[in-house]
Amino acid sequence: MTPLLSIRALRVRFPTPAGLVDAVNAVDLDVFPGECLGVVGESGSGKSATFLATLGLLPSATIRTDGIFWKGRGLDPDALRGREIALTLQNALTALNPALRIGTQIEETLAAHDQGGNRRDRAIALLRRVGIPDPARRLYAYPHELSGGMRQRAMIAIALACAPHLLIADEPTTALDVTVQAQVLDLLRTLRAEQGMSLVLITHNLAVAAGNCDRIAVMYAGEIVETGPAARVLTTPRHPYTTGLLRSHPSLDDPEAPLLPIPGRIPDPGAWPSGCRFAPRCSRHVAACEAPQTLRVVPDGAARCCQAGIA
Amino acid sequence: MTAVPISPRVQQTPIRAAPPLLELAHVSKAFPARRRLGHRRAMVRAVDDVSLSIGPGECVGLIGESGCGKSTLGRLSLRLIEPTSGAVRFGGADLSSLNPDELAALRPRMQIVFQDPCSSLNPRKTTEQIIGLPLAVHAHLPRTQRRDRVIEALDRVGLGPDALHRYPHQFSGGQRQRIGIARALITQPALVVCDEPVSALDVSVQAQILALLKQLRREFGLAYLFISHDIAVVAYLAERIAVMYLGGIVESGPARELIAAPRHPYTQALLAAVPRLHAAPATPLAGDPPSPLAPPSGCAFHTRCPVAMPICRSVRPQTVTDATGYEIACHLHNPSPA
């Protein structure tokens, strides 16, 4: 099957007073039609930068790549963004324009992409799609008049305006309460099932990815350290960082199980170790870890670890 | 629902071996809402008739969604804010009846760790000044002795003496939270209110801080009021859990029992909404939490409750306590509704 989106050897560097700082390195990713890919990592792991760079939304960054492909052809982000690929951001309060009514912001998107028909009716239909009650009245609401969950829904409505083939949802539930988070995740599952849309779910929460994604890519220090089918990654992780993340996660199924935190902390961008970037925190550190690691193919996925095949 | 006799909590309080360290009795707190032109000034009942006690060395977890009043309750527990009505007793002393000197003498025994280690540490003070300040205020120790105690406190939270002369911005989020914990512990408190202490941290750092909090508790016999919106985090640390919804406690009981078999429909929905690593997501609860400015009549949860009955719309359920001390405020579990 041809992937919908293919990213090859993506490298993103940000200019800082101290020079160019590596944020993303050697990222290879495929998103297949109809699938949900979870991109999991802690802050600064490069998960958002990867997709913002792909969509051409990091004008100040230096981006190098062996190619980014959309349905097998070179991707032109300016032609596809908002039309075939849509993006929702974590904080809907800052992502939406506070001075414009929700309806105006949806109609603006429809107008920008020359969508025919009665835009007002289409906006109402979109708000109804995402489960906003009383959509005809909500068109006239300003973002601050909506609750956090409703704002996230409104942003998803804008993203859906042109019936995209791929929705990139960057931490769609991080700012939300747990019952509202469950509603938004349920909405994304429903939309995906109805439209056959592919979804990239960027999240720091492995459990959010667990319940919603077909495949998971785990990022650490700007690199992908492990990919594979969600069930396999969660039950038999092949990279020690994934194992550490799983053991750091307090579980309701066994609340008193001891947590086994990963020692140390994530190195600052620009101060990555020269070899395996996880080596200084890794309990299975061996001499071979001093050399940079590549993604090795393992049964059901790939892992950036010299011992991945052994485990 | 249960075979043991049930009586309203006003008539019978559960018998405990040790007197409680902290006791909140029918505590309420109302804040004036922002005035809107042409409207009478409304009051928000952030905390509404809450009773809760914490024994010495006990960890009580307080869970609830944003705006449910859990942080306000934490602040009331330490008399950082004054209750509108009700009493807060610490070690048997009614905090609101104490004069400033008496209250100051109790302060070292009750401390707080805040959510955001960035805004709760003075950016212009060094670690030594931040952690040493409670000692200067409460113990009047000379500077050299303070430094020894600060180094000791840093060591306990896993930081070296090289941290002494650095400023908050030179630390990572996890390290800053360690400094906040060291500051709370340096006066050898009996009670620490932890207000969302790990919510701003990444998962791997969060696990480190949780393990530290658990270890410190064992070492020093600390009692925690552990406030968090993350139920799994609370379940990891707490022996008892109280669930808040719109200013009131809807259910409280032993952590293991409450997590395994929640009785209140809100607790059930809350637990079902938590994403799990190895289970499919459940059908979510509909609706948003109502505004505390206009709380629903009767049971505050009836607007979202999947099993609401007619009585829930009109009559506020009383809190009933069974023989084991398990408390619940729900008409489904109240055999003789008012």
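Since the model is a prediction, treat every value here as computed from it, not as a measurement.

With that settled, consider the overall build of chain A. If you tally the helices and strands in chain A, you get 11 helices and 13 strands. The C-alpha radius of gyration computed for chain A amounts to 20 Å, which stays within 12% of the reference 19 Å derived for 311 residues, consistent with globular compactness. If one aligns the C-alpha atoms of chain A with their principal axes, the spans along those axes are about 65 × 45 × 45 Å. A buried classification covers 48% of the 311 residues belonging to chain A.

This paragraph deals with the sheet that holds strand β6 (residues 93–94) of chain B. Residues and elements named next belong to chain B. On the basis of which strands lie adjacent, the open sheet formed by 4 strands has the order β3-β2-β5-β6 and antiparallel pairing. Unpaired on one side and paired on the other, β3 (43–54) and β6 mark the two borders of the sheet. Of the pairings in the sheet, the one linking strand β2 (residues 22–32) to strand β5 (residues 85–90) comprises 5 bridges and is antiparallel in character. Across the sheet, E23 pairs through a bridge with R89, a residue of β5.

Residue and element names in this part refer to chain A. Partitioning chain A into domains gives domain 1 (5–84 + 165–177 + 197–303) and domain 2 (93–163). A C-alpha centroid distance of 30 Å is found between domain 1 and domain 2. Residue composition of the side of domain 1 that touches domain 2, grouped by class: 4 nonpolar, 1 polar and 1 charged.

As a further point, take the sheet that holds strand β12 (residues 296–298) of chain A. Residue and element names in this part refer to chain A. If you walk across this open sheet you meet the 8 strands as β7-β8-β9-β3-β10-β11-β13-β12, and the pairing is mixed. Because the sheet does not close on itself, it has two edges, and the strands there are β7 (85–88) and β12. On average, adjacent strands in this sheet sit at an angle of 20° to one another, irrespective of strand direction. Along the sheet, helix α1 (residues 47–54) contacts β3 (36–40), β8 (166–170), β9 (198–203) and β10 (215–220); its crossing angle with β9, the most-contacted strand, is approximately 140°.

All names here are of chain B. Interhelical geometry of helix α3 (residues 127–138) versus helix α4 (residues 143–156) gives an angle of 120° and a closest axis separation of 9 Å. Put simply, α3 runs oblique to α4. Helix-helix and strand crossings are classified by hand; for α3 and α4 the assignment is right-handed. Of the residues in α4, those touching α3 at E128, I131, G132, L135 and A136 are R146, R147, R149, V150 and A153. The residue inventory of the contact of α3 with α4, partitioned by class, reads 5 nonpolar, 1 polar and 4 charged.

Residues and elements named next belong to chain A. Among the 5 residues that make up β3, 5 are buried, leaving the element largely enclosed by the rest of the structure. Going residue by residue along β3, you find C36, G38 and V40 tucked away on one face and L37 and V39 tucked away on the opposite face as well. Across 5 bridges, β3 lies against β9 in parallel orientation. Bridge pairing links L37 to V200 in β9. Relative to β10, β3 is paired through 4 bridges, and the arrangement is parallel. Bridge pairing links V39 to A217 in β10.

Phi is positive for A221 of chain A, close to 50°, though the residue is something other than glycine. With respect to the helices, strands and loops of the structure, A221 of chain A is situated in the loop between β10 and β11 (223–229). One non-glycine residue, H140 of chain B, lies in positive phi territory at about 50°. Take H140 of chain B: it is sitting in the loop between α3 and α4.

Residue and element names in this part refer to chain B. For chain B, mean pLDDT is 89; residues scoring 70 or higher make up 92% of the total. Looking across chain B, the model is least confident in strand β1 (residues 7–8), with a mean pLDDT of 42, and most confident in strand β4 (residues 59–63), with 97. Confidence drops under pLDDT 50 across residues 1–15; counting only partners more than four residues distant or on other chains, this segment forms 18 contacts. Here the predicted complex scores 0.88 on pTM and 0.86 on ipTM.

Quick notes on the rules
- Residue indices begin from 1 for each chain and proceed along its sequence in written order.
- Going through the entries in the order they are written, you letter the chains from A and number the ligands from 1.
- Owing to the predicted nature of the model, reporting of local features is limited to residues with pLDDT of at least 70; listing and counting of side-chain atom pairs is limited to 80 or more, with chain, interface and lining totals taken over all residues.
- Runs of H or I in DSSP of at least four residues are treated as helices and runs of E of at least two as strands, each being numbered from the N terminus.
- Here the globule rule is a power law, 2.2 Å times the number of residues to the power 0.38, and the radius of gyration is based on C-alpha atoms.
- In this scheme the burial state of a residue depends on its C-beta neighbours within 10 Å: 20 or more other such atoms mean buried, 12 or fewer mean exposed, and anything in between means partly exposed; the C-beta positions come from the backbone.
- Criterion used throughout: strands pair if DSSP finds at least two bridges between them.
- Note that domain bounds follow an automatic or database assignment of domains.
- For this scheme, ten residues count as nonpolar: Ala, Val, Leu, Ile, Met, Phe, Trp, Tyr, Cys and Pro. Four count as charged, namely Asp, Glu, Lys and Arg, and the remainder, Gly too, count as polar.
- Orientation is described by lines fitted to C-alpha atoms, with helices fitted over the stretch in contact, and by angles between N-to-C directions that extend from 0 to 180 degrees.
- Here the contact rule is simple: place C-beta atoms from the backbone, and any two residues whose C-beta atoms are within 7 Å are in contact.
- For classification purposes, angles smaller than 35 degrees are called roughly parallel, those larger than 145 roughly antiparallel, those between 65 and 115 roughly perpendicular, and all remaining angles oblique.
- By convention the crossing between two helices is left-handed if the near helix lies anticlockwise of the far one by an angle smaller than a right angle, and right-handed if it lies clockwise.
- On a range of 0 to 100, pLDDT expresses the predictor's confidence in each residue.

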